Amino acid sequence: MSSLSRANFFALKALALLHDPPHKHYCIIDKQRYCVLGGQDHEDEAKCFRKRVLRDTAFSGFATRENLSIIRRADAIASGLDRWLIEFAVRTEVLRTNVITNIFNPRHCRQLPTPNPDELRKSLEIVAQEVNKLLRETKGLFDLTRELDKAVEFSYVLLYALLEPLCYVKGIPPSLADTRTPTHTVMDHVHATALTVNMIPLASENSSRLSGYIVLIDFPGIHEFVDAARKAGDFWAGSWLVSEVAWRLAEKLMDEFGPDILICPTPRMNPYFYLKY
């Protein structure tokens, strides 16, 4: 991050969240029906959706060739295990599946909905319009000549908080990140890509080496502490206290680098995260 302005750093994360469309795998299995925003394929659909979401916001002007190149690298790294498995075991470019499976036991799976293309288009347009409206209103709270860093950072947190739940609320069904490895959703993937941005800028353009740390926070003796309770209320209070301390520690890092850096428990649709903002 030291080689980037704070505004560009958080703008990269926003571009990462929007580098794939919310309906990605539907575009892949039937682009004629499901590229409903005017794109020729899922990558074009992502551009169409991104432009609708980020138009006239604090993120305007950040979708440069250099930044999009960084996002492509982050995408490749975030997809690393998937792509290795595909090279190893899957000999096809497209697998037309509409099922999400348990990564540990693929026999446990669930059929995904088959959306109506017209209804899907309307839902995507509504999500893009509502998020864009809030981002434009957020932009108006700041003097961009002096507070661009703050405006972009706050706008990113807002985008992170609203994009995924709003898609589900407006009827956009979960979509696979890759039909050839149907173990996780496109939302899982784009959030992993946003996280990967933290490791990209400090690496040279032609290097696959990354910078950064994985931090594990552990509290020894938690069971003894919680088990010392004698009443149900004491159990609740002890558990809450441990959760609160853990969140406050993670919060310091999230304030500096963005909520996407917290892997487990994720801030996505996390009550602690929404209570903060």
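Look a little higher up for the structure.
All values derive from a computational prediction rather than experimental measurement.

Q: Quick question: what am I supposed to make of the layout of surface pockets here?
A: The space that makes up the largest pocket amounts to roughly 1,000 Å³. Along its surface, the largest pocket is lined by 29 residues, and Tyr 213, Val 215, Leu 253, Ile 261 and Leu 262 are the ones closest to its centre. Broken down by element, the residue count for the lining of the largest pocket peaks at eight residues, all from helix 11 (residues 232-257). Partitioned by chemical class, the residues of the lining of the largest pocket number 24 nonpolar, five polar and no charged.

Q: Looking at this model, I keep getting lost on unusual backbone geometry. Mind explaining?
A: Most peptide bonds take the trans form, and the phi angle of most residues other than glycine is negative. Between Cys 264 and the following residue, Pro 265, the backbone shows a cis peptide bond with an omega angle of 0°. Look at Asp 56: it is not a glycine, yet its phi comes out positive at around 60°. Relative to the elements of secondary structure, Asp 56 occurs in the loop between helix 4 (42-54) and helix 5 (65-78). Take Asp 56: its relative accessible area is 44%, and that puts it in the partly exposed class. Within the chain, Met 269 stands out as a residue other than glycine whose phi angle is a positive 55°. A relative accessible area of 42% places Met 269 in the partly exposed class.

Q: I would appreciate a short explanation of a nonpolar patch on the surface in the present structure.
A: Taken together, the side chains of Tyr 213, Val 215, Ile 217, Phe 225, Trp 236, Trp 240, Leu 241, Val 245 and Leu 249 define a hydrophobic patch exposed on the protein surface, amounting to about 1,000 Å² of accessible area. Looking at the nonpolar patch, the element that brings in the most residues is helix 11, giving five residues. Among the structural elements, Val 245 can be located in helix 11. Residue Val 245 is classed as partly exposed on the basis of its relative accessible area of 37%.

Q: Is there a simple way to explain the environment of His 108 in this structure?
A: Of note, His 108 is situated in the loop between strand 1 (99-101) and strand 2 (109-111). A relative accessible area of 51% means that His 108 is categorised as exposed.

Q: Please clarify how the pattern of salt bridges should be interpreted in this entry.
A: With the rule as written, the count across this model stands at 14 salt bridges. A salt bridge links Asp 188 to Arg 268, with the shortest nitrogen-to-oxygen separation between them at 3.0 Å. Of this pair, Asp 188 sits in helix 9 (residues 186-196) while Arg 268 sits in the loop between helix 11 and helix 12 (271-276), and the two are 80 residues apart along the sequence. Look at the salt bridges and you will find they share partners, linking Arg 6, Glu 153 and Glu 256 into a network.

Q: What exactly am I supposed to notice about the packing of helix 8 (residues 144-169) against helix 9 here?
A: Helix-helix packing is characterised by the crossing angle of the two axes and by the distance between the axes. Taken N-terminus to C-terminus, the directions of helix 8 and helix 9 make an angle of 170°; their axes are 12 Å apart at the nearest point. Taken as axis vectors, helix 8 and helix 9 run roughly antiparallel relative to one another. Contacts between helix 8 and helix 9 involve Tyr 156, Tyr 160, Leu 163, Glu 164, Cys 167 and Tyr 168 from the first element and Met 187, His 191 and Ala 194 from the second.

Q: Can you help me understand a positive patch on the surface in this one?
A: Taken together, the side chains of Lys 47, Lys 51, Arg 65 and Arg 72 make up a positively charged region of the molecular surface. Tracing the backbone shows Arg 65 in helix 5. The exposed category is assigned to Arg 65, whose relative accessible area is 75%.

The rules behind each value
- Residues numbered from 1 in each chain as written.
- Predicted model: local features only at pLDDT ≥ 70, side-chain atom pairs only at ≥ 80, totals over all residues.
- Heavy atoms only, no water.
- 1 Å grid on protein atoms, 1.4 Å probe; cavity = no way out; pocket = protein on both sides within 12 Å on 5 of 7 lines; lining within 4 Å.
- Points joined across faces, edges and corners; volume = space filled by probe spheres on them.
- Helix = DSSP H or I, 4+ residues; strand = E, 2+ residues; numbered from the N terminus.
- Nonpolar A, V, L, I, M, F, W, Y, C, P; charged D, E, K, R; others polar.
- Buried < 20%, exposed > 50% of the residue type's maximum accessible area, 1.4 Å probe, protein only.
- Patch = residues over 30% accessible without salt bridge, like charges linked within 9 Å, V, L, I, M, F, W, Y side chains within 5 Å.
- Areas by Shrake-Rupley, 256 points an atom, 1.4 Å probe, with all protein chains shown as cover.
- Salt bridge = Lys/Arg side-chain N within 4 Å of Asp/Glu carboxyl O.
- Axes fitted to C-alpha atoms, helices over the stretch in contact; angles between N-to-C directions.
- Parallel < 35°, antiparallel > 145°, perpendicular 65-115°, else oblique.
- Contact = heavy atoms within 4.5 Å.
- Lys, Arg positive; Asp, Glu negative; His and termini not counted.
- Charge placed at Lys NZ, Arg CZ, Asp CG, Glu CD.

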